[in-house]
Amino acid sequence: MAHVELSLSEAFVPAARASTEPESDNVGQWSSTVSRADEPCLLIDADTRVVAISTAGCELLCLGEPDRLIGRPLLDGGLRLLDFTANRGELTEAEIDKIPPLLALSSGRLARGLLRVQAATANSSDATVDAISTPVLTDGTVAGSLTFFSEV
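Residues numbered from 1 in each chain as written. Predicted model: local features only at pLDDT ≥ 70, side-chain atom pairs only at ≥ 80, totals over all residues. Heavy atoms only, no water.

1. Thoughts on the pairing of strand β6 (residues 141-151)
Inspection of the sheet shows strand β1 (residues 41-45) paired to β6 by five bridges, in the antiparallel sense. When the bridges of β6 are listed, D45 appears paired with G144. Both strand β5 (residues 127-138) and β6 contribute to a ladder of 10 bridges, which runs antiparallel. When the bridges of β6 are listed, V136 appears paired with G144. With antiparallel pairing between neighbouring strands as the criterion, β5 and β6 make up a hairpin whose turn holds two residues, including D139 at a positive phi of roughly 55°. (Pairing = 2+ DSSP bridges. Helix = DSSP H or I, 4+ residues; strand = E, 2+ residues; numbered from the N terminus.)

Right under this line is the structure:
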């Protein structure tokens, strides 16, 4: 018979820290993390404007340089999403509302799905990415969404 021993120790309570950054809300804090991340990720605000995107995220989504996307609406920044049919048509507005970054905004819940991203050049093949999005809250309300991508 297995023997399990349990011990209790004092709980570690981190010291409170006050942010000196002008944007100390949740979106502002995630923004600096996403900007420096090695992983493909994206942060948008409640108005779907790109707040931050990693360099790896730009490469995976065929979007060019991160600096040219910041402040622009996600779908006006060059992101071209295609359906999974043989015709490779662009997504309709109803389908666009169901992509994980936007679904996390509207539902306030985790969202996951596959996206087919149009290649940057005609010679390249389209990319299929798995997207996992979570809403980012500020004062209990959805202020944005954070999405991580993985090539499939």
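2. Considerations on the pattern of salt bridges
Enumeration over the complete set of coordinates arrives at five salt bridges. Residues D126 and R116 are paired through a salt bridge, measuring 3.9 Å at the closest nitrogen-oxygen approach. With D126 in the loop between β4 (111-117) and β5 and R116 in strand β4, this pair connects stretches of sequence that are 10 residues apart. In this structure, a network of salt bridges that share partners links the residues D45, D47 and R49. (Salt bridge = Lys/Arg side-chain N within 4 Å of Asp/Glu carboxyl O.)

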